[in-house]
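# Observations on the three-dimensional arrangement
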Amino acid sequence: MQTPLKSTLLKNRIAVVTGASAGIGEAIAREIVSHGGPTVLNARREARLHELIGELGPEDITAVAGDASSESVIERMLDVARHTFGAGHRDADLVVVNAGRGLNGSVMTSDTAQWEEMVRTNLLGAARLIRAAGLRMLKVVPDAEINQKGAWLKSPRDIIVIGSTVGRNVSPFSSMYGATKFGVHGLVEGARRELGPKGIRVTLIEPAFVRSEFQGVAGYDPKWIEGVWERIGPVLEPADIARMVSFIAGQPAGVHVSDILVRPTRQDYP
Ligand SMILES: NC(=O)c1ccc[n+]([C@@H]2O[C@H](COP(=O)([O-])OP(=O)(O)OC[C@H]3O[C@@H](n4cnc5c(N)ncnc54)[C@H](OP(=O)(O)O)[C@@H]3O)[C@@H](O)[C@H]2O)c1
């Protein structure tokens with residue numbers, strides 16, 4: 001894949017992206033780096049992260065490998081962002097909560113052995129990272145200064161969370177996975193109401209079908225998924241979602257695009 005042209009849209013930001021070894025997270029990392037933003041990548045497959053760093057150039061990009069739902073890994077990602085790119089005193093101000101996985105089937109038919117990992121990754125991991133990043137972002141502009149004209153407008157801070165169309169519409173084929181995304185949507189809206197008045201944008205992106213490793217990990221029948229692709233294609237590519245991230249984070253701090261739902265044009269439902 002070609003490295004995109006460098007622009008400087010996000011060069012004064014410090015980014016953290018979870019689930020950056022594949023699919024949407026990898027594309028988001030590429031997008032942010034192409035806009036000049038220093039980035040900490042996270043995923044469990046460390047070698048994949050280092051391959052990406054090798055390709056994009058190591059100056060403005062580093063990795064913290066590990067489970068994104070673990071509190072200690074989350075603190076390490078945020079510490080590395082602060083010390084590597086924030087000179088020890090500035091925290092990450094563009095945090096993308098993306099790590100997640102799907103699961104074929106409903107509450108009646110899906111593999112119960114995978115429930116705990118999915119709920120931990122999709123829901124608890126998202127909640128822990130929103131909280132940890134939010135706590136650090138809150139310190140940037142003290143409460144006492146939030147009403148002072150312009151103070152917070154100089155410090156755009158974003159937490160961008162990847163939800164799903166199946167977190168809004170009950171999925172006919174993966175309702176157990178969808179239930180985790182309904183939970184994620186609730187978390188995001190709650191955090192938006194809590195942190196928005198303090199100048200922090202908490203944003204939900206709700207993608208529909210995106211071609212990635214997701215379908216294999218979820219255990220969808222390859223023939224079935226090919227049939228879906230044919231019926232609704234072309235489906236979305238990870239880069240289509242990544243563009244939304246620079247669009248959201250690139251807005252002036254006083255403008256919040258708080259929710260984007262994006263489907264392939266021919267996908268009717270979910
Ligand atoms: N593809 C779709 O159709 C679609 C639609 C709507 C929403 N989404 C959401 O978009 C997000 C990304 O999905 P994708 O399509 O890019 O899937 P993907 O290609 O399977 O990529 C998932 C990424 O998450 C990482 N990951 C999984 N569990 C992790 C954990 N416990 N800790 C750290 N990293 C972890 C994986 O890396 P490692 O295996 O190396 O850890 C990988 O980098 C997910 O939240 C998914 O629910 C996807």
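Since we're looking at a predicted model, the values are computed, not measured.

This part covers the overall build of the protein chain. Scanning the protein chain from N- to C-terminus turns up eight helices and seven strands. Reported as C-alpha extents along the three principal axes, the dimensions of the protein chain are approximately 55 × 40 × 35 Å. Evaluated residue by residue, the protein chain yields a buried proportion of 41% over its 270 residues.

Here we take up helix H5 (residues 175-195). Under the 1.5 Å per step criterion, the end-to-end length of H5 is 30 Å for 21 residues, consistent within 8% with the ideal 30 Å. Of all the positions in H5, only Met176, Tyr177, Gly178, Ala179, Thr180, Lys181, Val184, Val188, Ala191 and Arg192 are classed as buried. Contacts made by the buried residues of H5 are with helix H4 (115-138), strand E5 (157-162), strand E6 (200-207) and helix H6 (214-218).

Bringing the site of the ligand into the picture now. Around the ligand, the structure places 32 residues, and the nearest of them are Gly19, Gly23, Arg44, Arg45 and Gly100. Put simply, the parts of the chain that give the shell around the ligand at least two residues each are helix H1 (23-34), strand E2 (39-43) and H6. When residues in the shell around the ligand are grouped by element, the largest group, three residues, is from H1. Of the residues contributing to the shell around the ligand, the split by class is 13 nonpolar, 13 polar and six charged.

Sheet strands pair via backbone hydrogen bonds, and the direction of the pair is either parallel or antiparallel. Pairing within the open sheet is parallel, and its seven strands lie in the order E3-E2-E1-E4-E5-E6-E7. In this open sheet, the two strands that pair with only one neighbour each are strand E3 (61-65) and strand E7 (259-262). Adjacent strand axes in the sheet meet at a mean angle of 15° when their direction is disregarded. Where helix H3 (residues 71-85) meets the sheet, it contacts strand E1 (15-17), E2 and E3, and its direction lies at approximately 160° from that of E3.

Let us now look at the pairing of E5. Extensive coverage of E5 is indicated by the burial of six of its six residues. Of the two faces of E5, the one carrying Arg157, Ile159 and Val161 and the one carrying Asp158, Ile160 and Ile162 are both buried. One ladder, built from four bridges, connects strand E4 (residues 94-97) with E5; its direction is parallel. In the sheet register, Val95 faces E5, and the bridge partner there is Ile159. Taking the sense of rotation as the criterion, the β-α-β connection linking E4, H4 and E5 turns out right-handed. Pairing analysis gives six bridges linking E5 to E6, with the strands arranged parallel. In the strand pairing of E6, Val161 is matched with Leu204. For the handedness criterion, the β-α-β arrangement of E5, H5 and E6 is classed as right-handed.

Considering the arrangement of structural elements, one finds Arg48 in helix H2 (residues 46-56). Overall, Arg48 belongs to the partly exposed group, with 17 C-beta atoms counted inside 10 Å. It is 18 Å that separates the C-alpha atoms of Arg48 and Val96, two residues lying 48 residues apart in sequence. Excluding anything up to four places from it in sequence, Arg48 contacts Ser21, Ala22 and Ala43.

About the cut-offs
Residues numbered from 1 in each chain as written. Predicted model: local features only at pLDDT ≥ 70, side-chain atom pairs only at ≥ 80, totals over all residues. Helix = DSSP H or I, 4+ residues; strand = E, 2+ residues; numbered from the N terminus. Buried ≥ 20, exposed ≤ 12 C-beta atoms within 10 Å, placed from the backbone. Expected span 1.5 Å × (residues − 1). Contact = placed C-beta atoms within 7 Å. Near = placed C-beta within 6 Å. Nonpolar A, V, L, I, M, F, W, Y, C, P; charged D, E, K, R; others polar. Pairing = 2+ DSSP bridges. Axes fitted to C-alpha atoms, helices over the stretch in contact; angles between N-to-C directions. Right-handed = clockwise from strand over helix to strand, strands pointing away.

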